[in-house]
Amino acid sequence: MALSKDILIQYSDMKEEIKDLHRRIEQLKRELYKMEEEGTVKDTVTGGMGGTQHFVVEGLPAPALRRKALQIKARKEKAAKMEGELLELVCQVEDYINGIEKSEIRIMFRFYYIDNLTWAQVAMQMNEMFPRRRIAYTEDNCKQRHKRFLEKAS
C-alpha cells in the first residue's frame with residue numbers, strides 16, 4: 001500500500017481541529033453580539049480642580065469590537081483553508097481505504113472514516129449488510145479489527 005496509515009490519523013485530527021475552530025468562531029460571534037447589544041460603556045473619572053470633579057465618560061468600545069471582528073475574520077479564513085486541505089485528505093484517505101485487500105475491513109473503514117459513524121453505528125451497518133453472518137458485529141469487535149489491521153499495517 002503506497003499511502004501509510006498515518007493519513008487516517010492526520011485526517012481524523014484535522015476534522016477535530018476544524019470542529020474546534022468553528023466552535024471558537026461561534027464563541028467569538030456570541031461575544032461580539034453581546035458587546036454590541038450592551039452598547040455603550042460608561043465609566044466615572046475624577047479630575048479637574050484638584051480631583052474634586054467627577055465626569056461620566058460614555059462610548060462604544062470600538063477597539064474591542066474591531067479586534068473581535070478581525071479575530072472572527074481570521075479564524076474563518078483559517079477554517080476555509082483547512083477545509084480545502086481536508087478535501088484533499090479525503091481523496092488520500094479514500095485511496096488508502098480502496099487499497100485495503102479485505103472487503104470487510106474496507107467497508108468498516110469507509111463507515112468509520114468517510115461516513116463519520118461511531119463504532120456502534122459501524123457494527124449496526126455491518127450487521128445490516130451481512131445479516132446471515134454467524135457471529136454478529138459488535139462495537140468492540142469492529143474496533144478490534146480496526147486496531148489489528150493498523151498494527152499489521154505498521
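Residues numbered from 1 in each chain as written. Predicted model: local features only at pLDDT ≥ 70, side-chain atom pairs only at ≥ 80, totals over all residues. Heavy atoms only, no water.

Asks: Explain the overall build of the chain residue by residue, including any values.
Replies: When helices and strands are tallied, the chain shows five helices and two strands. What you see in the chain, going N to C, is helices and strands ordered as α-β-β-α-α-α-α. Expressed as a percentage of the 154 residues in the chain, the buried residues total 28%. Taking as baseline every contact in the chain between residues at least 6 positions apart, the subset at least 24 positions apart corresponds to 57%. (Helix = DSSP H or I, 4+ residues; strand = E, 2+ residues; numbered from the N terminus. Buried < 20%, exposed > 50% of the residue type's maximum accessible area, 1.4 Å probe, protein only. Contact = heavy atoms within 4.5 Å.)

Asks: Please set out the side chain of lysine 68 residue by residue, giving values where relevant.
Replies: Relative to the helices and strands, lysine 68 resides in helix 2 (residues 62-98). Since its relative accessible area comes to 19%, lysine 68 is described here as buried.

Asks: Could you give an account of the packing of aromatic side chains, with specific residues and numbers?
Replies: Here a ring pair, both rings aromatic, is described through the centre-centre distance and the interplanar angle of the planes. Inspection of every chain in the model, using the stated rule, returns five aromatic pairs. Ring geometry for phenylalanine 109 and tyrosine 113: centres 5.6 Å apart, planes at 50°, overall tilted. Of this pair, phenylalanine 109 and tyrosine 113 both sit in helix 3 (residues 103-114), separated by four residues, roughly a single helical turn. On the basis of relative accessible area, phenylalanine 109 is assigned to the buried category, the value being 0%. Residue tyrosine 113 is classed as buried on the basis of its relative accessible area of 5%. On the basis of an interplanar angle of 80° and a centroid distance of 5.3 Å, the ring pair of phenylalanine 109 and phenylalanine 149 is categorised as edge-to-face. Taken as a pair, phenylalanine 109 in helix 3 and phenylalanine 149 in helix 5 (residues 139-153) lie far apart in primary sequence, 40 residues in all. Phenylalanine 149 matches phenylalanine 109 in its accessibility class, with the two residues each being buried. Members of the aromatic cluster, connected to one another through ring pairs, are Phe109, Tyr112, Tyr113, Trp119 and Phe149. One Lys or Arg, arginine 133, reaches over the ring of tyrosine 137 and ends 3.9 Å from the middle of that ring. (Phe/Tyr/Trp six-rings, centres within 6.5 Å; stacked < 30°, edge-to-face > 60°. Lys NZ or Arg CZ within 6 Å of the ring centre and 35° of its normal.)

What is shown is where atoms sit, not what they do.
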